[in-house]
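Here is how the chains run, residue by residue.
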Amino acid sequence: MTQDDPLGPMLTSAPPVLSMQDALALLQTHYGLSGDALALTSERDLNFRISTGAGRFVLKIANDSEPPAVTRFQNAALLHIAARDPALPVPRVVPTLAGTTDVVLPGGSLMRLLTYVEGVPMYRAAPSQALRRSMGAMAARLTRALEGFAHPAADHVLQWDLKQAAALRPLLPAIADDALRGLCSDWLDRFTREIKPALAFVPWQVVHADLNPHNVLVDPEDATRVSGVLDFGDMVHTPRLCDLAVAASYQIDVANPLDSLADVVAAWHRELPFQPEEQALIFDLTAIRMVTTLAITSFRAARYPENATYILRNFETARAGLLGFASLPRDAALARMRME
């Protein structure tokens, strides 16, 4: 990362370019499958939904700047989850005809094929207490399924990782609203002073780290039930509590921020009980995820105005949530996060 490129190449490089026809030819060559392709939106990669007689899949071509070890880290995690919790609704890795989990393309990018997880994106579902609780339970279950997983690429640096929040400060000028920018700056001060030192005393592991409503699916027949989790591209080794903070940050009801946060937190705690040191950090880390969303999306939208609508899709949720948190007495918020 540099002053001119504070997010690093993985978040500032454009997705790969490949025609649909070429993608289908590669699919036939390496997987023996043929069908129809539909391009999917993505922040960093090039993705196609493939419909075949054998079912639906996602063909993924990794960003040119992503080290192959990071892409293979994602595949290895999905294989670990499949062994640890076979019923967990996440993509499965489809092997090539040669029995490998990826294909190295001529330019060096990795291509892989995953099963397609059916469901309705959560952002299309009406918010509810039941859905918040389902999100908390699914997040905990996924984090538990990743326990014990290790990989050489797990410590890669990604600015979305909450433990990296101190490095967000150069991005703050991109936030147009003065009051919002000041609030984010105050939270980064607290991160440096109080939150980051406390992270050394909580459990760490590999986590999904991006449980936002575009990566979570709900049941088409029951919009109160989470039915799938997608996109493991932001996985990283970090405090496990970060997965809860990310998930919760998108579930805040502005009219009742503390109770809506508690819905997610209580459901997680029933599946994966907190350690005492973790409970004191829930509120703060959830706010830091909102700050992260505001800073990164503002910076990237200014750099890529042609893709601003997609980049800013979670901006308003984060803005409203952070303003809602600002209205809460801190002592009451911390007390509400204590679970028996």
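Scroll up a little and you will see the structure.
All of these numbers come straight from a predicted model, not from anything done at the bench.

### Things to note about the overall build of the chain
When helices and strands are counted, the chain shows 12 helices and 11 strands. Its C-alpha atoms give the chain a radius of gyration of 20 Å, within 12% of the compact-globule value 20 Å for 340 residues. Within the chain, the proportion of its 340 residues that are buried is 55%. In the chain, the proportion of contacts linking residues at least 24 apart, taken out of those at least 6 apart, comes to 74%. Mean positive and mean negative side-chain charge positions of the chain (30 and 37 charges, respectively) differ by 2 Å.

### Remarks on the environment of Leu-59
On the secondary structure map, Leu-59 appears in strand S3 (residues 55-61). Here Leu-59 is in contact with Ala-23, Leu-27, Tyr-31, Leu-46, Asn-47, Phe-48, Ile-50, Met-111, Arg-112 and Leu-113, once residues within four sequence places are set aside.

### Brief notes about the packing of aromatic side chains
For the structure shown, the criterion picks out three aromatic pairs. Between the aromatic rings of Phe-73 and Phe-149, the centroid separation amounts to 5.9 Å while the plane-to-plane angle is 5°, which identifies the pairing as stacked. Taken together, the positions of Phe-73 in helix H3 (residues 68-84) and Phe-149 in the loop between helix H4 (129-145) and helix H5 (178-198) put the pair 76 residues apart, joining distant regions of the chain. Each member of the pair, Phe-73 as well as Phe-149, carries the same accessibility label: buried. For the pair Trp-187 and Phe-283, a centre-to-centre distance of 6.2 Å together with 55° between the ring planes defines the contact as tilted.

### Let's talk about unusual backbone geometry
Positioned with a positive phi, Ala-209 is a non-glycine residue whose angle comes to about 75°. Looking at the secondary structure, you find Ala-209 in the loop between strand S8 (204-207) and strand S9 (216-219). Judged by its relative accessible area of 8%, Ala-209 is buried. In this structure, Asp-231 is a non-glycine residue whose phi angle is positive, near 55°. One can find Asp-231 in the loop between strand S10 (222-229) and strand S11 (236-239). For Asp-231, a relative accessible area of 36% puts it in the partly exposed group.

### Thoughts on the nonpolar core
The biggest cluster of nonpolar side chains holds 85 residues, and the ones touching the most others in it are Met-135, Leu-142, Trp-187, Leu-285 and Leu-322. No other element matches helix H9 (residues 282-303), which puts 11 residues into this core. Leave out the neighbours within four places in its chain, and Met-135 touches Met-122, Leu-211, Val-216, Val-226, Ala-247 and Gln-251. In this structure, Leu-33, Ala-37, Leu-46 and Val-103 belong to the second largest nonpolar core, which totals 17 residues.

### Concerning the side chain of His-269
Locating His-269 in the fold gives a position in helix H7 (residues 257-271). Ignoring any residue separated from it by four or fewer positions in sequence, one finds His-269 in contact with Phe-274, Met-339 and Glu-340.

### Things to note about the packing of H5 against helix H11 (residues 315-326)
Running from amino to carboxyl end, H5 crosses H11 at an angle of 70°, the nearest separation of the two axes being 11 Å. As the angle between them shows, H5 and H11 are arranged roughly perpendicular. The handedness of the crossing between H5 and H11 comes out as left-handed. Contacts between H5 and H11 involve Leu-180, Leu-183, Cys-184 and Trp-187 from the former and Phe-315, Arg-319, Leu-322, Leu-323 and Ala-326 from the latter. Residues belonging to the contact of H5 with H11 are distributed by class as follows: eight nonpolar, no polar and one charged.

### A word on the pattern of salt bridges
Tallied over the entire structure, the rule returns 18 salt bridges. Two residues, Glu-118 and Arg-56, come together in a salt bridge whose shortest N-O distance is 2.9 Å. Here Arg-56 lies in strand S3 and Glu-118 lies in the loop between strand S6 (110-115) and strand S7 (120-121), a separation of 62 residues in the sequence. Accessibility expressed as a relative area gives 46% for Glu-118, which makes it partly exposed. By relative accessible area, which is 29% here, Arg-56 ends up partly exposed. Between Asp-102 and Arg-72 there is a salt bridge, with its nearest N and O atoms 2.8 Å apart. In this pair, Asp-102 is assigned in the loop between strand S4 (93-94) and strand S5 (103-104) and Arg-72 in helix H3, connecting sequence segments 30 residues apart. Given a relative accessible area of 10%, Asp-102 falls into the buried group. Taking the relative accessible area as the measure of exposure, Arg-72 reaches 35% and is therefore partly exposed.

### Some words on the packing of H3 against H4
It is at 9 Å that the axes of H3 and H4 come closest, and there the two elements cross at 100°. Between H3 and H4, the angle falls in the class roughly perpendicular. Residues His-80, Ile-81 and Arg-84 of H3 lie in contact with H4, whose contacting residues are Leu-142, Arg-144 and Ala-145. Counted by class, the contact of H3 with H4 contains three nonpolar, one polar and two charged residues.

Conventions adopted
- Residues numbered from 1 in each chain as written.
- Predicted model: local features only at pLDDT ≥ 70, side-chain atom pairs only at ≥ 80, totals over all residues.
- Heavy atoms only, no water.
- Helix = DSSP H or I, 4+ residues; strand = E, 2+ residues; numbered from the N terminus.
- Rg over C-alpha atoms; globule rule 2.2 N^0.38 Å.
- Buried < 20%, exposed > 50% of the residue type's maximum accessible area, 1.4 Å probe, protein only.
- Contact = heavy atoms within 4.5 Å.
- Lys, Arg positive; Asp, Glu negative; His and termini not counted.
- Charge placed at Lys NZ, Arg CZ, Asp CG, Glu CD.
- Phe/Tyr/Trp six-rings, centres within 6.5 Å; stacked < 30°, edge-to-face > 60°.
- Core = buried A, V, L, I, M, F, W, Y, C linked by side-chain atoms within 4.5 Å.
- Axes fitted to C-alpha atoms, helices over the stretch in contact; angles between N-to-C directions.
- Parallel < 35°, antiparallel > 145°, perpendicular 65-115°, else oblique.
- Left-handed = near helix turned anticlockwise from the far one by under 90°.
- Nonpolar A, V, L, I, M, F, W, Y, C, P; charged D, E, K, R; others polar.
- Salt bridge = Lys/Arg side-chain N within 4 Å of Asp/Glu carboxyl O.

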